[in-house]
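# Results of the structural survey
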Amino acid sequence: MKEQIASLHIAPLTQINLPDGDHASACILQFPRRRILLTVAHAVANGKNWTLAHRYVPGKGMQHYQLGGMNVLQHFELRKRKIKSHPIDFAYVTVPDSLEPMDEVLDSQGNVISSRAKKILPARFIEPSPEQTYGFFGLTRHRLDDEFHLLMTSKLETGLKYVGEKDGLLRFKCRERYHDYEEYHGCSGAPVLNELGELVSLVVEGSDDRREILGLNLKRCWPALLVEAGEFSIC
């Protein structure tokens, strides 16, 4: 399942290393010199201690990598001799090449019954086409059980069709109308992939009519990633 192994789960931790209720999704791109984690700003730009859940160790629990402060972007426009700005719903941070997040399945006793490496995506994106279908994966509706085990529900959305842009975001029409935004809580930042498993966008939000998923237009953000990756100089 290409969508699942490309999507990473991120969450802020409390001072006692328990999830505090928020969570989101992300992906990692491999540039020639650096690995960069991508997600959306509305999920993580809140000053919390955001971490990447990357490996489960029996007897010790889930291991987390602290992401630290993330970079965010602003869009500036000069209108009638006045500069106006608004935030771009995008956040990113460099992570070490040694970080190898895993996709794991646990049994009810906390034993790992299957494990595979998450996919580190190549440093490129593909512009969407109406001729293809798209999909994404995230973990939603998480809660703690009586023994403080984290329980989550998988959300896989496939068969999305690209239908244009709206306010700078890419529009992907769902096969069916969804009932509630809570169905996707935790999917913000998930990579949207095409049929070949190539990165096209990141999940941002749903539409007012609950028939579409809106995604980040990566073309607007790519120069900042090249600078962060050491592939492009602004001097």
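Coordinates for the structure precede this section.
Parameters at a glance
Residues numbered from 1 in each chain as written. Predicted model: local features only at pLDDT ≥ 70, side-chain atom pairs only at ≥ 80, totals over all residues. Heavy atoms only, no water. Salt bridge = Lys/Arg side-chain N within 4 Å of Asp/Glu carboxyl O. Helix = DSSP H or I, 4+ residues; strand = E, 2+ residues; numbered from the N terminus. Buried < 20%, exposed > 50% of the residue type's maximum accessible area, 1.4 Å probe, protein only. Patch = residues over 30% accessible without salt bridge, like charges linked within 9 Å, V, L, I, M, F, W, Y side chains within 5 Å. Areas by Shrake-Rupley, 256 points an atom, 1.4 Å probe, with all protein chains shown as cover. Lys, Arg positive; Asp, Glu negative; His and termini not counted. Charge placed at Lys NZ, Arg CZ, Asp CG, Glu CD.

Here we take up the pattern of salt bridges. The final tally for this structure, using the stated rule, is eight salt bridges. For Glu-127, the salt bridge is made with Lys-219, and the minimal N-O distance between the two is 3.2 Å. Placement of Glu-127 in the loop between β10 (121-122) and β11 (133-144) and of Lys-219 in the loop between β16 (212-216) and α3 (222-228) is noted, with a sequence separation of 92 residues between them. A relative accessible area of 46% means that Lys-219 is categorised as partly exposed. One salt bridge connects Lys-155 with Glu-157, and the closest N-O pair in it is separated by 3.9 Å. Per residue, the accessibility class of Lys-155 equals that of Glu-157, and both read buried.

What follows is about a negative patch on the surface. Together, Asp-167, Glu-205, Asp-208 and Asp-209 line one region of the surface with negative charge. Here Asp-208 lies in the loop between β15 (199-206) and β16. Take Asp-208: its relative accessible area is 68%, and that puts it in the exposed class.

Residue Asp-167 is not a glycine yet carries a positive backbone phi of 50°. Its place among the elements puts Asp-167 in the loop between β12 (150-166) and β13 (169-173). For Asp-167, a relative accessible area of 71% translates into the label exposed. Even without being glycine, Arg-210 reaches a positive phi, approximately 60°. Position of Arg-210 relative to the elements: it lies in the loop between β15 and β16. Accessibility expressed as a relative area gives 24% for Arg-210, which makes it partly exposed.

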